[in-house]
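Descriptive structure summary
Below, each chain spelled out in residue letters.
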Amino acid sequence: MNPKATMMLCVVMLVTLLVPSVRCLEDGAPTESCFDMEPDHGYSAQTDDGGYVIDVGGATSVAANATISVTITGNTYNGIMLQARFTTGIGPIGSWSATDSTIQLMSCVTSDDTVTHTDSSSRDSSIVYTWTAPDSSTVCSDANSASDCSIAFYATLATSRETFWTGLESSEITTSFLPDSDYEIPDTDVDSSGSHNGVTMNVHADSVVLGALLFTAVMRAM
């Protein structure tokens, strides 16, 4: 093959491989973020709270199948990932209702257990996220610790690819239920195949290796 044609082909292949590994803010959170809630933006999170508050409308307790209206107050934001979790657990629980056309729902562990955005438009406290507690028949009792019987809402918010906040947390809410026995909190370890609880992850190391090989081919063709 002509050296110039080889070089161009390699460049095209390199771009094709590397671009998908950079997740776009506009499309919503990737499934790879289901459990650590970390956006794959290639930048570090802000170290403050950004002036944001996860407002639960004064809710202090919740029963199975009950709903809580959640808003994000403070500054505006563009990207969002929002979940409810037991304070002792790592997986999202319950389900959400999409009350705005710029919001979509993800299913990380159970159906519609995570909120994210559909585009990069500005959002504020006028958007209400409605969460429904799981239909659990396992009752919280005196034998359980207070931390076993409490949940909180957790959010990752972004104003741009470079500027985002993780680990935002609401006040704790006491529950009258525990996860049902068939609710499995997933293992968050990544195995050698790059699978995260059955979800294939972007393994940047693979892209780097392939990129290096293609770069070598380009240099040889020049």
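Computed from a prediction, not measured in an experiment: that's the story for all the values here.

1. Brief notes about the overall build of the protein chain
Per the secondary structure count, the protein chain includes two helices and 13 strands. The buried share of the protein chain, taken over its 222 residues, is 38%. Within the protein chain, counting contacts between residues at least 6 apart in sequence, those at least 24 apart form 70% of the total. As displayed, the protein chain offers around 11,400 Å² of accessible surface, 54% of which is attributable to carbon and sulfur atoms.

2. Thoughts on the confidence of the model for the protein chain
Atom-level detail of predicted coordinates should not be read off regions where pLDDT is low. Looking at the protein chain, pLDDT values average 76 and 67% of them are 70 or higher. Per-element mean pLDDT across the protein chain ranges from 32 in strand E13 (residues 199–200) up to 98 in strand E1 (residues 53–55). Per-residue pLDDT stays below 50 along residues 9–24; that stretch engages in 26 contacts with residues further than four places along the chain or on separate chains. A low-confidence stretch, residues 188–215 (pLDDT under 50), is modelled with 37 contacts involving residues beyond four sequence positions or located in other chains.

3. Here's the deal with unusual backbone geometry
Leaving glycine aside, a negative phi is the common case for residues, and trans is the common case for peptide bonds. For Met 37, which is not glycine, the phi dihedral falls at a positive 55 degrees. Its location among the elements puts Met 37 in the loop between helix H1 (3–18) and E1.

4. Quick notes on the nonpolar core
Judged by nonpolar contacts, the single largest core of 29 residues is most densely connected at Ile 68, Leu 82, Tyr 129, Trp 131 and Phe 153. Elements with a contribution of two residues or more to this core: strand E3 (67–73), strand E4 (79–86), strand E8 (129–132), strand E9 (150–158) and strand E10 (164–169). Core analysis: the next-biggest nonpolar cluster, separate from the first, contains nine residues, Ala 29, Phe 35, Met 81 and Tyr 154 among them.

5. Re the state of the cysteines
This structure, assessed with the given rule, holds two disulfides. Across the disulfide from Cys 34 sits Cys 108; the S-S distance is 2.1 Å. With the S-S dihedral at roughly -75 degrees, the linkage between Cys 34 and Cys 108 falls on the left-handed side. Taken as a pair, Cys 34 in the loop between H1 and E1 and Cys 108 in the loop between strand E6 (103–106) and strand E7 (114–117) lie far apart in primary sequence, 74 residues in all.

6. Quick word on the side chain of Gln 83
With respect to the helices and strands, Gln 83 occurs in strand E4. A distance of 2.7 Å separates a polar atom in the side chain of Gln 83 from a polar atom in the side chain of Arg 85. Once residues lying within four places of it in the same chain are set aside, the contact partners of Gln 83 are Cys 34, Met 37, Pro 92, Trp 96, Cys 108, Asp 113, Thr 114, Ala 152, Phe 153 and Tyr 154.

Criteria and thresholds
Residues numbered from 1 in each chain as written. Predicted model: local features only at pLDDT ≥ 70, side-chain atom pairs only at ≥ 80, totals over all residues. Heavy atoms only, no water. Helix = DSSP H or I, 4+ residues; strand = E, 2+ residues; numbered from the N terminus. Buried < 20%, exposed > 50% of the residue type's maximum accessible area, 1.4 Å probe, protein only. Contact = heavy atoms within 4.5 Å. Areas by Shrake-Rupley, 256 points an atom, 1.4 Å probe, with all protein chains shown as cover. pLDDT = per-residue confidence, 0-100. Core = buried A, V, L, I, M, F, W, Y, C linked by side-chain atoms within 4.5 Å. Disulfide = S-S within 2.5 Å. Polar contact = N/O pair within 3.5 Å; in protein donor to acceptor, adjacent residues only side chain to side chain.

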